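Residues per chain are reported as follows:
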Amino acid sequence: MKTAEIMQRLAAKHPGEAEYLQAVEEVLNSIEEVYNQHPEFEKAQIIERMVEPDRIFTFRVTWVDDKGQVQTNLGYRVQFNSAIGPYKGGLRFHKAVTPSMLKFLGFEQTFKNALTTLPMGGGKGGSDFDPVGKSDAEIMRFCQAFMLELWRCIGPDQDIPAGDVGVGGREIGFLNGMYQKLSRQYHTGVLTGKGMTLGGSVLRPEATGFGALYFTQHVLHTAGKDIKGCRVALSGFGNVAWGAAIKATQLGAKVVAISGPDGVCEIKDGITQEMIDYMLVMRASNRNKVQDMADKFPAQAQFTAGKKAWSVKCDIALPCAFQNELSEDDAKELVKNGTWCCCEVSNMGCQPGAIHYFQSQKGFLFAPGKAVNAGGVATSGLEMTQNAEHISWDEKEVDERLHTIMRSIHEQCVTYGKQADGTIDYVKGANIAGFMKVATAMLEQGII
Ligand code: 2IT
């Protein structure tokens, strides 16, 4: 296989699907060499089959806003790959959602889920519904209308959605209620990220951020460094940034920045527990403004409009918000300011130019989203296990399992990403490890 040829064909077939093509190209660049050592992959056309989703459902979602006006959005579920288990992946509600975005996320999810060690295939879904400025009642009505279509596509052994950007515990609760009403199935295992009263798992809300910090610790230890005392800049202030802020602080690091679409809050002395708790209030308000933190804590947080978290001096940069949120120019600014590590917590948070720049800097530590943020979906997998067994584990049990999984993901990256000079290429490691598992499963299932 030749990456350039495959990309040319895909770009012609899917014009304008920039994020999807970007995600595929990154994986193909990493695996080309390994792939070409396995003629059986080529014979079974593994790559040609793996880059296309199994199927995509597209549906209209119509609902009534608080003013009584009828609103129409588009809803999607991309069932990407089921070779190693039922489709699993989140739902994203964001005004910029397109099929391309959900295809990139579903493709990434397939490899990420393979890395978790759990039997989950890859999927993703969502809508171009914009939660910003919506009331609780509007969110509820939208979720109910969305589920009127989605429920026929999903099931506990078929496809298990969860949250993503714009979808948290509140939304999952509304979605779950409508699913049960429509299907008359009262099992708990069709959505993950549920609240504790609905069969959710302890630590699921924190899991993406916690897992990311456990992974970051492994990256640092392997390079002979310690997170204690490090300054950490986070982007976003949603669920993922919240979990990352808690764990980074617990591990002795200082979170010196959070950000939003409106700008950045610099927190010179490090984020406090009170401020971390306030992130939840900010998320629930649907205002989507990080300035609210500076307004609430004017002595600790300094807001600058229009700036990103990457303008703040830090040791470790953790993108926790959206794809392509860290550009090559941002990467240069970070390195100039002394940053020596970037672990992507958001999916595809760094633009290709940023990754290349980081990797060109001797000693710079970079790890990709599909390894760093896999603790979220892994804990969804643990939620599925608890639901299937009709039991619930305590925090210690879930945290230990999350630790074990993140350690295993790191080991897989080392196995497949170790370079001749002893350093680890985490991008290559994660992509090859995930690919090998999915490709092998596809081979074993025959041509289907
Ligand atoms: O990107 C992700 O891994 C998620 N949004 C979580 C997916 C899940 O099924 O928990």
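Criteria and thresholds
Counting starts from 1 at the beginning of each chain's written sequence and moves along it residue by residue. Local features are withheld for residues below a pLDDT of 70 in this predicted model, meaning they are given only at 70 or higher, and side-chain atom pairs are given and counted only at 80 or more; totals for whole chains, interfaces and linings count all residues. Excluded from the side-chain calculations are hydrogens and water; all other atoms, namely the structure's heavy atoms, are used. Throughout, the protein atoms alone are placed on a 1 Å grid, and a set of points is a cavity if a 1.4 Å probe fits but cannot get out or a pocket if it is open with protein on both sides within 12 Å along at least five of seven lines; lining residues have an atom within 4 Å of a point. Grid points are joined across faces, edges and corners, and a volume is the space filled by probe spheres set on the points. Secondary structure is summarised from DSSP: a helix means a run of H or I of at least four residues, a strand means a run of E of at least two, and numbering begins at the N terminus for each. In this classification, Asp, Glu, Lys and Arg are treated as charged, Ala, Val, Leu, Ile, Met, Phe, Trp, Tyr, Cys and Pro as nonpolar, and every other residue, Gly included, as polar. Two strands make a pair as long as DSSP finds a minimum of two bridges between them. The angle between two axes is taken between their N-to-C directions and runs from 0 to 180 degrees, where each axis is a line fitted to C-alpha atoms and a helix contributes only its stretch in contact. The contact criterion used is simple: two residues touch if any of their non-hydrogen atoms lie within 4.5 Å. Throughout this document, a residue counts as near a molecule or strand when at least one of its heavy atoms sits within 4 Å of that molecule or strand. Two N or O atoms count as a polar contact when they lie within 3.5 Å, although within protein this holds only if one can serve as hydrogen donor and the other as acceptor, and sequence-adjacent residues are included solely when both atoms are side-chain atoms. Working definition: with a 1.4 Å probe on protein chains only, accessible area under 20% of the residue-type maximum means buried, over 50% means exposed, and in between means partly exposed. For classification purposes, angles smaller than 35 degrees are called roughly parallel, those larger than 145 roughly antiparallel, those between 65 and 115 roughly perpendicular, and all remaining angles oblique. Take the far helix as your reference; a near helix turned counterclockwise from it by less than a right angle gives a left-handed crossing, and one turned clockwise gives a right-handed crossing. Ring geometry is summarised as follows: Phe, Tyr and Trp rings, the Trp one being its six-membered ring, pair when their centres sit within 6.5 Å, and such pairs are stacked at plane angles under 30 degrees, edge-to-face over 60 and tilted between the two. The salt bridge definition used is simple: a Lys or Arg side-chain nitrogen within 4 Å of an Asp or Glu carboxyl oxygen.

### Quick word on the layout of surface pockets
Next, step 1: Considered as a void within the structure, the second largest pocket measures approximately 420 Å³ in volume.
Next, step 2: Lining the second largest pocket are 17 residues, and of these Gly363, Phe364, Leu365, Thr423 and Ile424 lie nearest its centre.
Next, step 3: Breaking the lining of the second largest pocket down by element, the ones donating at least two residues are α8 (204-222) and β12 (365-367).
Next, step 4: Taken together, the residues of the lining of the second largest pocket break down into seven nonpolar, seven polar and three charged.

### Comments concerning the sheet that holds strand β6 (residues 231-234)
Next, step 1: Taken in spatial order, the seven strands of this open sheet run β9-β8-β7-β6-β10-β11-β12, and their pairing is mixed. Each having just a single partner strand, β9 (302-305) and β12 make up the two edges of the open sheet. Strand-to-strand twist of the sheet, defined as the mean angle between neighbouring strand axes without regard to direction, takes the value 15 degrees.
Next, step 2: Sheet topology places β6 next to strand β10 (residues 316-318); three bridges connect them, and they run parallel. The residue bridging Val232 from the neighbouring strand is Ile316, located in β10.
Next, step 3: Along the sheet, α8 contacts β10, β11 (341-343) and β12; its crossing angle with β12, the most-contacted strand, is approximately 145 degrees.

### A closer look at the site of the ligand
Next, step 1: Taken together, 13 residues form the shell around the ligand, and within it Lys88, Lys112, Asp164, Arg204 and Ser380 come nearest.
Next, step 2: A distance of 3.0 Å separates an oxygen atom of the ligand from a polar atom in the side chain of Gln109.
Next, step 3: Contact between the ligand and Ser380: an oxygen atom at 2.5 Å from a side-chain N or O atom of the residue.
Next, step 4: Breaking the shell around the ligand down by element, the ones donating at least two residues are β3 (87-93), α5 (99-115) and α15 (374-389).
Next, step 5: For the shell around the ligand, the leading source of residues is β3, giving three residues.
Next, step 6: Across the shell around the ligand, the residue classes break down as two nonpolar, six polar and five charged.

### Considering the side chain of Lys370
Next, step 1: Summarising the element assignment, Lys370 is placed in helix α14 (residues 369-372).
Next, step 2: Since its relative accessible area comes to 1%, Lys370 is described here as buried.
Next, step 3: A distance of 3.3 Å separates polar atoms of two side chains, one belonging to Lys370 and the other to Glu108.
Next, step 4: Setting aside residues up to four positions removed in sequence, Lys370 forms contacts with Glu26, Val27, Glu108, Phe111, Lys112, Leu115, Ala430 and Asn431.

### Some details on the packing of α8 against helix α9 (residues 239-250)
Next, step 1: Taken N-terminus to C-terminus, the directions of α8 and α9 make an angle of 50 degrees; their axes are 7 Å apart at the nearest point. Put simply, α8 runs oblique to α9. Here the hand of the crossing between α8 and α9 comes out right-handed. Where α8 approaches α9, its residues Pro205, Glu206, Thr208, Gly209, Phe210, Leu213 and Tyr214 are matched on the opposing element by Asn239, Val240, Trp242, Gly243, Ala244, Ile246, Lys247 and Ala248.
Next, step 2: Here the contact of α8 with α9 is composed, by residue class, of nine nonpolar, four polar and two charged.

### Some thoughts on the packing of aromatic side chains
Next, step 1: Per the stated rule, a full pass over the model turns up 18 aromatic pairs.
Next, step 2: A centroid spacing of 6.0 Å and a plane angle of 85 degrees characterise the contact between Phe93 and Phe129, whose relative ring orientation is edge-to-face. Of this pair, Phe93 sits in strand β3 while Phe129 sits in the loop between β4 (121-127) and α6 (136-150); the two residues are 36 residues apart in sequence, bridging distant segments of the chain. Comparing Phe93 with Phe129, the two get one shared label, buried.
Next, step 3: Centroid distance Phe215 to Tyr426: 5.9 Å. Interplanar angle 70 degrees. Geometry classified as edge-to-face. Of this pair, Phe215 sits in helix α8 while Tyr426 sits in helix α17 (residues 426-444), placing them 211 residues apart in sequence.
Next, step 4: For Phe215, a relative accessible area of 0% corresponds to the buried category.
Next, step 5: With a relative accessible area of 3%, Tyr426 lands in the buried category.

### Focus: the sheet that holds strand β1 (residues 55-64)
Next, step 1: In spatial order, the strands read β1-β2-β4-β3-β5; together these five strands make up an open sheet with mixed pairing. The two strands at the open ends of the sheet, each matched to only one other strand, are β1 and β5 (159-162). The average undirected angle you get between the axes of adjacent strands in this sheet is 20 degrees.
Next, step 2: Inspection of the sheet shows strand β2 (residues 70-81) paired to β4 by six bridges, in the antiparallel sense. Counted as the bridge partner of Gly75 is Ser127 from β4.
Next, step 3: In this fold α5 packs onto β1, β2, β3 and β4, with an angle of close to 150 degrees to the strand it touches most, β4.

### Brief notes about the pattern of salt bridges
Close approach of charged atoms allows side chains of opposite charge to pair.
Next, step 1: According to the stated counting rule, one finds 21 salt bridges in the structure shown.
Next, step 2: One salt bridge in this structure joins Arg231 and Asp315, with 3.3 Å as the shortest N-O distance. Linking Arg231 in strand β6 with Asp315 in the loop between β9 and β10, this pair joins segments that are 84 residues apart in sequence.
Next, step 3: Note on Arg231: relative accessible area 28%, which makes it partly exposed.
Next, step 4: For Asp315, a relative accessible area of 12% corresponds to the buried category.
Next, step 5: Through salt bridges with shared partners, a single network forms among Asp136, Arg170, Glu171 and Arg283.

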